[in-house]
Amino acid sequence: MGERSAGRLVRQGGVVAAGLALGIGGIAVFGNDDGPSYTPGTPSVTAFSFATSVPEGPARAAEVIPVLATEPADAAGAVTAFLQPLADGTPEQAYALLDEPSRKRFPTMAAWIRSQADRANPVTFEVGDVRPNRERPGAFEVDLTATHSPSLDATRGLVPGRSSSMWLVRREADAWRVSAEPLSFRPVLPAESAATDVVQAWVTLLAACEQSSAAQLQVRAGLYGPSTFVQAPCQQRGTWSAGQPVGLDSTPDPKAFLAAFGPEVGTWARLVPVQGPDSKFLAAVAPMGDTWRVMGVAVGSQ
Amino acid sequence: MSILKKLRIPALLGVGIVAASLVPSGASSHREAPLITEDPVADNTDVYAFRSPDAPDTVTLVANWIPMEEPAGGPNFYNFGEDVLYQIHVDNDGDAEPDITYEWRFTTEIQNPDTFLYNTGPITSINDADFNYRQFYDVSVVKNGVRTVLGSDLAVPPNNIGPRSTPNYAAVAAQGVHTLGGGVKSFAGQRDDPFYVDLGSAFDLLGLRPFNGAHAIPLPTAAGVDGVGGFNTHSIALQVPISELTTGGSPIIGVYSQTKRQQTRVLSPTGPGSAPRNSGSFVNVSRLGMPLVNEVIIPLGQKDRFNASEPSGDAQFLGLVQDPEPARLIDALYPIEVPPAPRSDLVAIFLTGLPGLNQPPNVKPSEMIRLNTSTPVTGSPNPMGVLAGDNQGFPNGRRLVDDVVDIELRALAGATPFTPAFNRSPNNALGDGVNANDLPFLSAFPYVATPHQGYEHPHHKVGSTSPQPPGPTVTTGVTTTTAPGATTTTTAPPTTSSTIPGCVIDKRYANIIQRLPDGCSFST
């Protein structure tokens, strides 16, 4: 503004006055239609009706990171010291054991605590073999078997009843530190033959129009995939039978499952062919602990 | 009986193809960053947080996605993304970290995949057999690292198609209000876009039609035009007891939304793998708290970074708030002086909350809507919110009725009690001339207006507007508006002539204006 000439300021002052006048007048003219009623605006208040200052409170306390009572003696000990608090529901006790890359990913304790909602933390675990990691000099891989509280949802995905995993442990400043996520994680699935039995029981209940009882054999009340298939057993007279489980690639339309669970769904979900008197479909099952439960339905290949 | 059963599908196919061509390419302020414009179902357009007027012991949180939905956008109407994680976060202790996170995941169920029809007959209930393309959702809350499911398989009402398909739309949509445990109510589905702004003028070099004559490139003055009028959006609304939100000890909460997608998406050309495969951790693709921040405060080169960032890292954007480009543009495009940088007033409004009103103790500056849940609900909300003395309004939370565009314009121009020297006309009268939504809001949850139907709807309505507060009294041939202590100016009603009075264009624009309008010249 300071560079503007006085003449230009005068000129622009005239412009803004005319503009304001024209604008307000214009709205007065144009605004008179059948639109919804409105509350005319008012000029900004000249003073707030609240005190615009607050007394300084005590400074925000820095996050308290629990100090390790004792440093783990080796890689296996580090994994144990890291996972036990997670199993105990005290993840803050594990934070000090995170390795440097993980600390960058979870820069605050609050972020680390929040992340627990998306983790498949163990209920019990057992540390297995330890060996050097070939790609990271000085780092070690630690095998683990664990049990979990099984669950399935579209945000966290599958939490199996049992798993085998491999954890990465690094040496940082003469201390053992653990990567937040395992290098590999493999759910231990129940016997596939059990899937046929579950689906047979499920479709038999549907054929008896016992939907609420059938829902007890489902992961949840709502199923992924076209619901019309689920209505068929109750509508058709005759016998319904479940076949042997097959992979998820046996349906030409796995979109509902992929959208919910990503490509990992192919590693743990199975499809069980269901044959009725007049129609057929595939029942998708998910491992829930040591058994299978129906999670959806899909069209079979022609 | 469904229409599908009465009519032969091939006869309707032509209709479907024609309808598809009606979908607009779209352009709006909601498309605030380059990457997110390519992903409408993840594009968060606005967030609202306010004490519920009819249930004042609760707060209603509303977040909208999918900008500028053309109501006639069939045959594939609008839906939430199945592969998107929708979130609303609450920080209840001012540390810029979310203490409570509400999450939504959606699933789609096509009842009859052998038709192109969204509905195979009139949809008369939310569970109607003719409602073919249905969505359901789960809503969860995450506190202290523990996720709790609040509701599962909750039905989403249909899009508002038209009088044949959705003849009693409001009643069907009302069935989408789900009462959950703990005094929580939930709704997710299509609504009228409650945001109102003169998009067409605002992004035409920050034009304000009521002030057109004062712009560096003047045009005939005109009433504001609601650029979002006539368009719909998809709302997620949650009503939660205040006691559930203010567990941090302060009545002040910070609210913002995030949209997340998994890191990797693989497309396959054929076979069972033709469905997209998403994998990896969920990462931020959209983030929104205070309105218009990423749209006009964050520059193009940082917009995508802002969307991917967390409020706890907002120190990186502090300089952009202290010296915002729109304030400099107001100064450059209009003969209006604004306070010099660095702007501590804007830091309070956008990043910390107003001390004494909605600033949490020991707040860590970060961009989110800050709501003091102890502010009483007013029976007559003023859209100008705190700037009109209505302390329940924006920027103390955000209500649907709040005119955030005008409030922010004035704030940028320094027209607040923080900077008294600039709290004068015309700064304190700035506005886009659009002062109300194009449809009335509902009096009960979810409050957001019923969406426009596709069969018949208006767009860009001129006149759903009112003049923003005039400093002076202006007498025209039609109406007189008076403000206390003002001078009087008399003028004739504007004409529709293309003549531009006093058309002197700042020479700084000489390199971007290829051809001057008739009668205009550059300043010397």
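Residues numbered from 1 in each chain as written. Chains lettered and ligands numbered in written order. Predicted model: local features only at pLDDT ≥ 70, side-chain atom pairs only at ≥ 80, totals over all residues.

A few words on the overall build of chain B. Along its length, chain B carries 11 helices and 17 strands. Out of the 524 residues belonging to chain B, those deemed buried represent 53%. (Helix = DSSP H or I, 4+ residues; strand = E, 2+ residues; numbered from the N terminus. Buried ≥ 20, exposed ≤ 12 C-beta atoms within 10 Å, placed from the backbone.)

Broken down by element type, chain A carries 9 helices and 11 strands. Sequence separation of at least 24 residues holds for 62% of the intrachain contacts in chain A that already meet a minimum separation of 6. (Contact = placed C-beta atoms within 7 Å.)

Residues and elements named next belong to chain A. Here 4 strands make up an open sheet; going across it, the order is E8-E9-E10-E11 and the pairing antiparallel. The two strands at the open ends of the sheet, each matched to only one other strand, are strand E8 (241–242) and strand E11 (291–298). Most of the contacts of helix H5 (residues 193–207) go to E11, to which it runs at about 60°, and overall it touches E8, strand E9 (270–275), strand E10 (280–288) and E11. (Pairing = 2+ DSSP bridges. Axes fitted to C-alpha atoms, helices over the stretch in contact; angles between N-to-C directions.)

Looking now at the nonpolar core. Grouped together as the largest cluster of nonpolar side chains are 110 residues, with contacts concentrated most on B:Ala49, B:Leu61, B:Val255 and B:Ala413. Sorting elements by how many residues they give to this core places strand E2 (residues 55–69) of chain B first, with 7 residues. Ignoring anything within four residues of it in the chain, the contact list for B:Val255 reads B:Val47, B:Ala49, B:Leu61, B:Ile88, B:Val90, B:Gly289, B:Met368, B:Ile369 and B:Leu371. Core analysis: the next-biggest nonpolar cluster, separate from the first, contains 44 residues, A:Leu223, A:Ala242, A:Ala256 and A:Phe261 among them. (Core = buried A, V, L, I, M, F, W, Y, C linked by C-beta atoms within 7 Å.)

The N-to-C vectors of H5(A) and helix H7 (residues 228–235) of chain A enclose an angle of 65°; their axes lie 6 Å apart at closest approach. On the side of H5(A), the interface is formed by A:Val203, A:Leu206 and A:Ala207, while H7(A) contributes A:Val230, A:Pro233 and A:Cys234.

What follows concerns the environment of A:Ser184. Here A:Ser184 is to be found in strand E7 (residues 184–187). Dropping the residues within four chain positions of it, A:Ser184 is found in contact with A:Ser165 and A:Met166.

Moving on to the confidence of the model for chain A. For chain A, the average pLDDT comes to 84, and 84% of its residues sit at 70 or higher. A low-confidence stretch, residues 1–40 of chain A stays under pLDDT 50, and its non-local contacts, those more than four residues away or across chains, total 96 contacts. (pLDDT = per-residue confidence, 0-100.)

Take the sheet that holds strand E8 (residues 185–192) of chain B next. Residue and element names in this part refer to chain B. Reading across the sheet, the 5 strands line up as E1-E2-E9-E8-E7 and stay open at both edges, with antiparallel pairing between neighbours. A single partner strand is all that each edge strand has here, and the edge strands are strand E1 (44–52) and strand E7 (178–179). Here 9 bridges tie E2 to strand E9 (residues 232–241), and the two strands are oriented antiparallel to one another. Its bridge partner being in E9, Trp65 is matched across the sheet by His234.

Residues and elements named next belong to chain B. Here Leu180 is to be found in the loop between E7 and E8. Between the C-alpha atoms of Leu180 and Val240, which are 60 residues apart in sequence, the distance is 10.0 Å. Contact partners of Leu180, with chain neighbours within four places excluded, come to Leu150, Gly151, Lys185 and Ser186.

In this section: helix H9 (residues 325–333) of chain B. Residues and elements named next belong to chain B. Within H9, the full set of buried residues consists of Ala327, Ile330 and Leu333. Considered in projection along H9, the buried side chains sweep an arc of 140° and stay on one side of the axis. Check the buried side of H9 and you find it contacts helix H11 (404–412). (Arc of directions from axis to C-beta.)

It is worth spelling out H7(A) at this point. Residue and element names in this part refer to chain A. When we look at burial in H7, the residues that qualify are Phe229, Val230, Ala232 and Pro233. Projected down its long axis, H7 shows its buried positions confined to an angular sector of 145°, all on one face. Close packing links the buried residues of H7 with H5, E10 and E11.

All names here are of chain B. Omega for the peptide link from Phe394 to Pro395 comes to 10°, which places this bond in the cis form. Assignment of secondary structure puts Pro395 in the loop between strand E12 (369–372) and H11. That bond from Phe445 to Pro446 is cis: its omega, 10°, falls within 30 degrees of zero. Here Pro446 shows up in the loop between H11 and strand E13 (473–475). With phi around 50°, Asn144 is a residue other than glycine that occupies positive phi space. Located in the positive-phi region is Leu292, a residue other than glycine, with phi close to 70°. Within the element layout of this structure, Leu292 appears in the loop between strand E11 (277–288) and helix H6 (293–297). Take Leu292: there are 21 C-beta atoms within 10 Å of it, and that puts it in the buried class.

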